[in-house]
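For reference, the chains in residue letters:
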Amino acid sequence: MLLRGVLLAVQALQLAGALDLPTGSCAFEESTCGFDSVFAFLPWILNEEGHYIYVDTSFAKQGEKAVLLSSDLQAEEWSCLRLVYQITTSSGSPSDPSLLNLYVRFEDESFDRLLWSAKEPSDSWLIASLDLQNTSKRFKILIEGVLGQGDTASIALFEIKMTTGYCIECDFEENHLCGFVNRWNPNVNWFVGGGSVRNSHSVLPQDHTFKSELGHYMYVDSVYVKHFQEVAQLISPMTTAPMSGCLAFYYQLQQGNDNIFSVYTRDGAGLYEEIWKTGSPGNAVWNLAEVEFSAPYPMEVIFEVAFNGPKGGYVALDDISFSPVPCQNQTELPFSAAEASCNFEEDLCNFYQDKEGPGWARVKVKPNMYRTGDHTSGTGYYLLANTKFTSQPGYIGRLYGPSLPGNLQYCLRFYYAIYGFLKMSDTLAVYIFEENHVVQEKVWSVLESPRGVWMQAEIPFKKPMPTKVVFMSLCKSFWDCGLVALDDITVELGSCWSPERLPPPPGECTFEQDECAFTQERRNRSSWHRRRGETPTSYTGPKGDHTTGVGYYMYIEASHMVCGQKAQLVSWSLRGVTGKHCLTFFYHMYGAGTGLLSVYLKKEGDSGESLLWRRRGEQSISWLRALVEYSCDRQHQIIFEAIRGVSIRSDIAIDDIKFQAGPCAEMEDITQQSSGYSEDLNEIEY
């Protein structure tokens, strides 16, 4: 399917050192270098003349997949994985395109982590650059190609290369240019300089890496400028892992008074931020620039030159490097967003209140049928502003968060619940307090909310000066006061949403989009159902989901079932590994006739299932957290089984399922406040 003529362009892209590639790399010249096709799927075909492997519709059907698995790898230092690939399709834009996915498979996890995905077809080879954080764990790289619609659909891999270092680093000595791309402009563009290149009207320098004519660098020349402020941009690969430290590079400017050389960051939402700019006229020597660079979420680095006219000379760039420590002229420690987050299980963390009065109290409610527990586990602590017992109207309770550095994008998330107020408007509000200007800006407030349901709020903000987040509870009238609850406050760097954000790991399911990879043997009125909001029957079931309060969960509708009837929700197939697994999920068992909720382990090849965890009877009006620790070294599945109780008030719900490697950090207390029998098998080995 891939045209032979494309190979001419391919060979121009051939990476240096192909005959001596590092571990985890392959140029597919004569073999697949320890990367093997997984037998259960389509094979990847090595092209007869070498250079690439491929899968296409000449021997496979739409929807079929080919899986390539590496040998065991280690990355004790930060590494960059580069993939040269091509996805082709028939003319037109098919509704079901081919898909290329790259996963990381850690030795102690029963699922694979999606690191990168692509589906855009191209008539040329493309480069993906993926950061791999340093880890002591052994892992494998898994590459999955899924064929899409069309008679000529194909997916090809030209090269895989794993090297020590960061993907934003580059000395421009290799033909792939480390995945850096030029944003094309009809008049001015970044070009490769050095070596045998002599196509510029300007007298260009020797490169910085080798300090000779053999080396290469990037440059942009003003000779073709035709308009005022013509701009050339050189764009780095998008970061794929959080990093913070010192970005360094070497540059030269000729006639710097007629050009502007700047460095920007750009996130997945397209927001630019200038982080460096030349401050003096340039000279014809290599100058070192160092700038603090923080990428807590996916970001590109953009080297931009703006010319005022055709006599702006040239700008050259070489040897971009990154170090995970602050630059030499910086002494401040990097900010950790965790310092501004709190679930209130131990104390108030770094939050504090006004000195005038208690305002917010840290409370705990045991599981019961009348009062909702905390959001974290259903049995822990949260903050409560009780305005019922205030002696005056206009009561205000303020909760201050720690100081946040300025000029950073933040996402604030928290959960709140309202009780007792007749009018909810402004009963809880969030302000951003700018410390230097003593200014408070209201950024969010309650309008309407279901009473007694934990609701998630999400607030993005960015201020130039240091700020604090302030939560304010308010009772406007003596005759209309109530309770305001607050829990699980988190502050993250970056936007609250990002088009670059990958799907949640396969080990997690919130049921917000679908049922994930869970299946049911049969689907009818007595099956598990995906729902949002309250269940139809009164005095049973949740009022909202656990994830956001307005999202989706899975439940059984008891009014459609008979006593003793069961429904099973079966997980995808999980890989067996040595060591312990931790399964966490939230369950809701409220109703006088509530039946039985069980979790089973089904190992591949076994006819029966093994009980891991069970609850019987009414447990609480709250969502409660379950932690189930188990071991299994064979392929297996987890089954959630709900059995209808003695009456229609027997709805059972589950939400926010998560599989993790290793033992559970904290095991659930086996003592359950329940009106019925409770059985707990927290740790079972098979």
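Residues numbered from 1 in each chain as written. Predicted model: local features only at pLDDT ≥ 70, side-chain atom pairs only at ≥ 80, totals over all residues. Heavy atoms only, no water.

Draft legend 1. Spotlight on the overall build of the protein chain. Across its full length, the protein chain carries one helix and 42 strands. For the protein chain, buried positions account for 53% of its 686 residues. At a minimum sequence separation of 6, the contacts of the protein chain that also span at least 24 residues come to 79%. Total accessible area on the protein chain is roughly 31,100 Å²; 51% of this is exposed by carbon and sulfur atoms. (Helix = DSSP H or I, 4+ residues; strand = E, 2+ residues; numbered from the N terminus. Buried < 20%, exposed > 50% of the residue type's maximum accessible area, 1.4 Å probe, protein only. Contact = heavy atoms within 4.5 Å. Areas by Shrake-Rupley, 256 points an atom, 1.4 Å probe, with all protein chains shown as cover.)

Draft legend 2. Examining the environment of Ala517 more closely. Summarising the element assignment, Ala517 is placed in the loop between strand E32 (508–509) and strand E33 (529–532). Residues Ala517 and Ser571, spaced 54 residues apart in sequence, show a C-alpha to C-alpha distance of 6.5 Å. Non-local contacts of Ala517, meaning those with residues more than four positions away in its chain, are made with Val570, Ser571 and Trp572.

Draft legend 3. Geometry of the pattern of salt bridges. In total, this model carries 17 salt bridges according to the counting rule given. The partner of Asp606 in a salt bridge is Arg634, and the shortest N-O contact between them spans 3.1 Å. One end of the pair, Asp606, is in the loop between strand E37 (596–603) and strand E38 (610–616); the other, Arg634, is in the loop between strand E39 (624–632) and strand E40 (636–643), with 28 residues separating them in the sequence. For Arg634, a relative accessible area of 33% puts it in the partly exposed group. The network of salt bridges with common partners includes Arg105, Asp112 and Arg575. (Salt bridge = Lys/Arg side-chain N within 4 Å of Asp/Glu carboxyl O.)

Draft legend 4. Region of the structure containing the nonpolar core. Membership of the largest hydrophobic core comes to 71 residues, with the highest contact counts inside it found for Trp190, Phe249, Phe261, Phe303, Leu412, Phe414 and Phe471. Among residues more than four places away in sequence, those in contact with Trp190 are Asn182, Met218, Tyr219, Val220, Ala232, Gln233, Leu234, Phe261, Phe303, Val305, Val315 and Leu317. Ala66, Leu81, Leu102 and Leu115 belong to the second largest nonpolar core, which has 34 residues in total. (Core = buried A, V, L, I, M, F, W, Y, C linked by side-chain atoms within 4.5 Å.)

Draft legend 5. Examining the state of the cysteines more closely. Inspection of the entire model under this criterion finds seven disulfides. Sulfur-sulfur distance for the disulfide between Cys26 and Cys33 comes to 2.1 Å. Taking the torsion about the S-S bond as the criterion, the Cys26 to Cys33 disulfide, at about 60°, is right-handed. Shown here is the disulfide that connects Cys246 with Cys327, its sulfur atoms set 2.1 Å apart. Every disulfide takes its handedness from the sign of the S-S torsion; for Cys246 and Cys327 that torsion is 100°, giving right-handed. Of the two residues, Cys246 sits in strand E16 (residues 243–253) while Cys327 sits in the loop between strand E21 (314–323) and strand E22 (352–353), which places them 81 residues apart along the sequence. You'll find Cys246 and Cys327 in the same group, each marked buried. (Disulfide = S-S within 2.5 Å.)

Draft legend 6. Looking closely at the sheet that holds strand E2 (residues 45–46). On the basis of which strands lie adjacent, the open sheet formed by five strands has the order E2-E3-E11-E6-E9 and antiparallel pairing. Edge positions in the sheet fall to E2 and strand E9 (126–132), since each of these pairs with one other strand and no more. As judged from the seven bridges shared by strand E6 (residues 79–88) and E9, these two strands associate in the antiparallel manner. Considered in E9, the bridge of Leu83 is made with Ala128. (Pairing = 2+ DSSP bridges.)

Draft legend 7. A look at the sheet that holds strand E13 (residues 191–194). A sheet is described by the order of its strands in space; here five strands give the open sequence E13-E14-E21-E16-E19, paired in antiparallel fashion. The sheet is open, and its two edges are formed by E13 and strand E19 (287–295), each paired on a single side. Strand-to-strand, the axes of this sheet are offset by a mean angle of 40°, without reference to chain direction. Pairing between strand E14 (residues 216–221) and E21: four bridges, direction antiparallel. Across the sheet, the residue bridging to Met218 is Leu317, located in E21. (Axes fitted to C-alpha atoms, helices over the stretch in contact; angles between N-to-C directions.)

Draft legend 8. Region of the structure containing the side chain of Thr548. In this structure, Thr548 sits in the loop between E33 and strand E34 (552–556). Residue Thr548 is classed as buried on the basis of its relative accessible area of 17%. Looking at Thr548, its side chain comes within polar contact range of the main-chain nitrogen of Val550, at 3.2 Å. Here Gly551 takes part through its backbone nitrogen, which lies 3.1 Å from a polar atom of the side chain of Thr548. Those residues in contact with Thr548 that lie beyond four places of it in its chain are Tyr415, Trp454, Met455, Gln456 and Glu512. (Polar contact = N/O pair within 3.5 Å; in protein donor to acceptor, adjacent residues only side chain to side chain.)

Draft legend 9. Up close: unusual backbone geometry. The phi dihedral of Phe28 falls on the positive side, at around 55°, and the residue is not glycine. Residue position: Phe28 is located in the loop between helix H1 (6–13) and strand E1 (36–37). Accessibility expressed as a relative area gives 0% for Phe28, which makes it buried. Located in the positive-phi region is Phe511, a residue other than glycine, with phi close to 65°. Checked against the element boundaries, Phe511 lands in the loop between E32 and E33.

Draft legend 10. The arrangement of the packing of aromatic side chains in detail. Taken as a whole and assessed by the stated rule, the structure comprises 39 aromatic pairs. A centroid spacing of 5.6 Å and a plane angle of 75° characterise the contact between Trp572 and Phe659, whose relative ring orientation is edge-to-face. In this pair, Trp572 sits in the loop between strand E35 (566–570) and strand E36 (577–589) while Phe659 sits in strand E41 (residues 652–661), placing the two residues 87 residues apart along the sequence. For the pair Trp572 and Phe659, one class covers both residues: buried. Ring-pair connections join several aromatic residues into one group, and the members of that group are Phe511, Phe518, Trp572, Phe585, Tyr587, Trp613, Phe640 and Phe659. (Phe/Tyr/Trp six-rings, centres within 6.5 Å; stacked < 30°, edge-to-face > 60°.)

Draft legend 11. Geometry of the pairing of E40. Of all eight residues that make up E40, seven are buried, and the element is covered over most of its length. One ladder, built from five bridges, connects E35 with E40; its direction is antiparallel. By the bridge assignment, Val570 is partnered in E40 with Ile639. Note: E37 against E40, eight bridges, orientation antiparallel. Bridge pairing in E40 links Leu596 to Ile643.

Draft legend 12. Highlighting the side chain of Glu641. As for its placement among the helices and strands, Glu641 is situated in strand E40. One polar contact links Glu641 to Gln568, side chain to side chain, over a distance of 2.8 Å. Leave out the neighbours within four places in its chain, and Glu641 touches Trp528, Lys566, Ala567, Gln568, Leu596, Leu597, Ser598 and Tyr600.

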